[in-house]
Amino acid sequence: MQYQDRLDYIRHLFAPETPQLKAVRESTTDKNDQISIHPEEGKLLQLLIRLAGVRTVVEIGTLSGYSTLWMADALPDDGHIYTFEKDTTRAARAATNLRHPKITLITGDALETLHSLHPKSPFDMIFIDADKLHYLHYLDWAEKHIRKGGLIVGDNTLLFDAVWREALPDRIRQTALQAMREFNRRLADPDKYTSILLPTTEGMTIARKEF
Ligand code: SAH
Ligand code: MG
């Protein structure tokens, strides 16, 4: 497959995993749970962090901590990531994986626990990678708590290619589709953001907040 060969070339040359990243990825043994970002996306997050001088990150959706670790590795010594995971089994696994001075894992529904971060706001970056239905809620939060010039990044924003199709694919819910379309539409606003939806495997929307 030509597309896979192209991706393998990029992965091997630009995004080799550290032994710790490999171990975290492999800790996710359940096939249904293998929904973390890919190495080239991890490297992209690292590049964004360095380009924008990011020191503080909020992540919604930890899973095993694979994306968390990619980001933590790019942060300066005084940098920090606050990552939210609702599923207690996944959070327990992530807690074992993420023994790292720059990472704080917050177990619980982000919709109910995000407010615990308010005293530390504003933050430099948010990585939204959780329940698609609530992407707009996380965007509302980010508009208030990410600094001007900071980054709002959303994963899976092509929604399995449903966002741009006219007919609704079988496994996508109408409510999730509407939410994702609205999420992208808001971040595409040139008066508020400098932004793009990058066509990674799942789609990643990247926006610099200009207000
Ligand atoms: N960022 C991870 C993948 C996250 S998968 C990586 O790339 O490595 C999405 C995760 O979001 C799942 O583990 C799911 O349990 C979690 N999640 C879903 N809704 C949530 C919510 N409201 N609050 C916190 N976590 C949530
Ligand atoms: Mg994702």
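Above this note sits the structure.
Below, the structure is looked at part by part. Keep in mind that what you see is a predicted model, and the values were worked out from it rather than measured.

**Notes on the side chain of His 145**
Part 1: Considering the arrangement of structural elements, one finds His 145 in helix 7 (residues 135-145).
Part 2: Overall, the relative accessible area of 12% leaves His 145 in the buried class.
Part 3: Side-chain polar atoms of His 145 contact the side chain of His 118, separated by 3.4 Å.
Part 4: Ignoring any residue separated from it by four or fewer positions in sequence, one finds His 145 in contact with His 118, Ser 121, Pro 122 and Phe 123.

**Quick notes on a nonpolar patch on the surface**
Part 1: Residues Tyr 9, Ile 10, Leu 13 and Phe 14 make up a contiguous nonpolar surface patch of about 440 Å² in total accessible area.
Part 2: Residue position: Phe 14 is located in helix 1 (residues 2-14).

**A look at the pattern of salt bridges**
Part 1: Tallying each qualifying case throughout the model produces 10 salt bridges.
Part 2: Here Asp 140 and Arg 186 are joined by a salt bridge, their closest N and O atoms 2.8 Å apart. You can see Asp 140 sitting in helix 7 and its partner Arg 186 sitting in helix 8 (residues 174-187), a full 46 residues away along the chain.
Part 3: Overall, Asp 140 belongs to the partly exposed group, its relative accessible area being 37%.
Part 4: Members of the salt-bridge network, linked through shared partners, are Asp 140, Glu 143 and Arg 186.

**Notes on the coordination of the magnesium ion (ligand 2)**
Part 1: Coordination sphere of the magnesium ion (ligand 2), protein contribution only: Asp 129 (OD), Asp 155 (OD) and Asn 156 (OD1), at 2.0 to 2.3 Å.
Part 2: Binding-site remark: the magnesium ion (ligand 2) is held by donors from one chain whose sequence spacing is D-x25-D-N. With respect to burial, Asp 155 and Asn 156 carry one shared label: buried.

**Looking at the site of ligand 1**
Part 1: Close to ligand 1 lie 21 residues; Gly 61, Ser 67, Glu 85, Ala 110 and Asp 129 are nearest.
Part 2: Coverage of ligand 1 by the protein chains reaches 94% of its 570 Å² of free accessible surface.
Part 3: Taking a 2 Å distance to the grid points as the criterion, the majority of the atoms of ligand 1 fall inside the largest pocket.
Part 4: Of all the elements in the fold, those that place two or more residues in the shell around ligand 1 are helix 4 (66-74) and strand 2 (80-85).
Part 5: A per-class count over the shell around ligand 1 returns eight nonpolar, five polar and eight charged.

**Here's the deal with the layout of surface pockets**
Part 1: Approximately 1,100 Å³ is the volume attributed to the largest pocket.
Part 2: Going through the elements one at a time, helix 2 (19-27) and strand 2 are the ones with two or more residues in the lining of the largest pocket.
Part 3: Taken together, the residues that form the lining of the largest pocket break down as 13 nonpolar, nine polar and 15 charged.
Part 4: A volume near 300 Å³ is recorded for the second largest pocket.
Part 5: Lining of the second largest pocket is provided by Tyr 3, Leu 7, Ile 10, Phe 14, Glu 40, Glu 41, Lys 43, Leu 44, Leu 198, Pro 199, Thr 200 and Thr 201.
Part 6: Elements with a contribution of two residues or more to the lining of the second largest pocket: helix 1 and helix 3 (39-51).
Part 7: Among the residues making up the lining of the second largest pocket, the classes are represented as seven nonpolar, two polar and three charged.

Rules and cut-offs
Residues numbered from 1 in each chain as written. Chains lettered and ligands numbered in written order. Predicted model: local features only at pLDDT ≥ 70, side-chain atom pairs only at ≥ 80, totals over all residues. Heavy atoms only, no water. Helix = DSSP H or I, 4+ residues; strand = E, 2+ residues; numbered from the N terminus. Buried < 20%, exposed > 50% of the residue type's maximum accessible area, 1.4 Å probe, protein only. Polar contact = N/O pair within 3.5 Å; in protein donor to acceptor, adjacent residues only side chain to side chain. Contact = heavy atoms within 4.5 Å. Patch = residues over 30% accessible without salt bridge, like charges linked within 9 Å, V, L, I, M, F, W, Y side chains within 5 Å. Areas by Shrake-Rupley, 256 points an atom, 1.4 Å probe, with all protein chains shown as cover. Salt bridge = Lys/Arg side-chain N within 4 Å of Asp/Glu carboxyl O. Donors = N, O, S within 2.8 Å, 3.2 Å for Na, K, Ca; no water. Near = heavy atom within 4 Å. 1 Å grid on protein atoms, 1.4 Å probe; cavity = no way out; pocket = protein on both sides within 12 Å on 5 of 7 lines; lining within 4 Å. Sits in = over half its atoms within 2 Å of the grid points. Nonpolar A, V, L, I, M, F, W, Y, C, P; charged D, E, K, R; others polar. Points joined across faces, edges and corners; volume = space filled by probe spheres on them.

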